[in-house]
Amino acid sequence: MSNKSYLSVYAKSFSWAGYFLPKQTLKKCSALYDFCRVADNIADDADDIKNKEKKFEQFENDFNRKDFDNPIIKNMWGLIEEFNISLKIVQDLLTGIKSDIQNKVKLNSKKDLLIYSYRVAGTVGLMMAKILKVNKKSSLRSAIDLGVAMQLTNISRDVIEDSKNNRFYISKDFKEISSTIKLAENFYENSFYSIKDIPISFRFSILVARRIYRKIGLKILSKKNLENYQNSGKIYVSNKEKILETFLSIFDLIKLSFSFKKDDQILNDHDLINEEINLDERV
């Protein structure tokens, strides 16, 4: 992909928020995103299942045996070693992406939805927090929350597109789409106070990404019914709206500076995830 990172091509909201990060830090976040994207692209390719399984197994094996001829894998191992990222987190991510390589994907419960969201996105939030030098356990848990919230937003936005690819994370029903956005709202709320533990030079960028992604969910709710939602096509935040959300993030930064919550007052809704995955071993 020429000299462009996957981040600038695929992740417009993150790319926008990335403008507010120091260059070297953005480079490291991009290396993480590139790794996730390459794995994701294997699962999303218009290829038959057997081929996708083979390609994914090859990618996993290349990662596990540290194939440094592949710059994406080499950069990922560089992050793992520099920021002491547990391999369990990377394996959780790969397990989540691999679960999409099926003829039909259907999640049957809130627990399934939250575990899937943790695997494919909570893990990314957690690794990103480590790159941003967050060490406090309560804050790392909140980084998982932000990843989960963003994934729930993605799922709510892509219901029609996913159903065409035989993926049913939630039902094609506006009531369920709305309740998934509301569930995401809880996770956005839970992620807020711990952003205070991110070093000041990185904090604003995370607040911007959080606001812009949250805005997608609010735009979905404003559609009121399935017909309007379907007629809207892919719902996104325009550049004009991104500028407004960036401006409003300044108030979040001020609010954060004057707020104080003890670790035991910061809520995390991790009970369902913990039934299957021990998050204590990840943070």
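Being a predicted model, the structure only gives us computed values, none of them experimental. Sequence order sets the numbering: in each chain, residues are counted from 1 along the sequence as written. Residue-level local features of this predicted model are given only where pLDDT is at least 70; pairs of side-chain atoms are given and counted only at 80 or more, and the full residue set underlies all totals for whole chains, interfaces and linings. Working from all heavy atoms in the structure, the side-chain values ignore hydrogens and water.

### A closer look at the packing of aromatic side chains
Quick note on the threshold: Stacked, tilted and edge-to-face pairs are distinguished by plane angle, under 30 degrees for stacked and over 60 for edge-to-face with tilted covering the rest, among Phe, Tyr and Trp rings (Trp via its six-membered ring) whose centres lie within 6.5 Å. Labels follow the DSSP assignment, with helices taken as runs of H or I lasting at least four residues and strands as runs of E lasting at least two, numbered in each case from the N terminus. Per-residue accessibility, obtained with a 1.4 Å probe over protein chains only, is compared with the maximum for each type, and a residue is labelled buried under 20%, exposed over 50%, and partly exposed between these values.
According to the stated counting rule, one finds nine aromatic pairs in the structure shown. Seen in terms of ring centroids, Phe35 and Phe59 are 5.3 Å apart; in terms of plane orientation they differ by 40°. Their pairing is tilted. Taken together, the residues Phe35 in helix 3 (residues 23-44) and Phe59 in helix 4 (residues 49-64) connect sequence positions 24 residues apart. Like Phe59, Phe35 is buried. Each ring, one from Phe35 and one from Phe63, has its centre 5.4 Å from the other, and the planes form 55°; the classification is tilted. With a gap of 28 residues between them, Phe35 in helix 3 and Phe63 in helix 4 connect regions that are remote in the sequence. Three or more aromatic residues link up through ring pairs in this structure, and these residues are Phe35, Phe59, Phe63 and Trp77.

### Quick look at empty space enclosed by the protein
Short version of the rule: A cavity here means a set of points on a 1 Å grid, drawn over the protein atoms and nothing else, where a 1.4 Å probe fits but cannot get out; a pocket is an open set with protein on both sides within 12 Å along at least five of seven lines, and a residue lines either one if it has an atom within 4 Å of a point. Grid points are joined across faces, edges and corners, and a volume is the space filled by probe spheres set on the points. Charged residues are taken to be Asp, Glu, Lys and Arg, nonpolar residues to be Ala, Val, Leu, Ile, Met, Phe, Trp, Tyr, Cys and Pro, and polar residues to be all remaining types, Gly included.
Applying the stated rule across the entire model yields one cavity of 30 Å³ or more. If you add up the space inside the largest cavity, you get close to 50 Å³. In this structure, the largest cavity is lined by Ile155, Val159, Asp162, Ser163, Arg167, Phe168, Tyr169, Ile170, Ser171 and Lys172. Of all elements in the fold, only helix 9 (159-164) and strand 2 (167-168) reach the threshold of two or more residues within the lining of the largest cavity. Residue composition of the lining of the largest cavity, by class: five nonpolar, two polar and three charged.

### A closer look at helix 5 (residues 71-82)
We apply this condition: One fewer than the residue count of a helix, multiplied by 1.5 Å, yields its expected span. By the criterion applied in these results, polar contacts are pairs of N or O atoms within 3.5 Å in which, for protein atoms, one can donate a hydrogen and the other can accept it, and in which residues neighboring in sequence qualify only through two side-chain atoms.
Between the first and last C-alpha of helix 5 there are 16 Å, a value that for twelve residues agrees with the 16 Å anticipated at 1.5 Å per step. At the N-terminal end of helix 5, a side-chain oxygen is found 2.9 Å from the backbone nitrogen of Ile72, two or three residues along, and the residue is Asn70. Where helix 5 terminates, the next one or two residues include Asn84, which has phi positive at roughly 55°.

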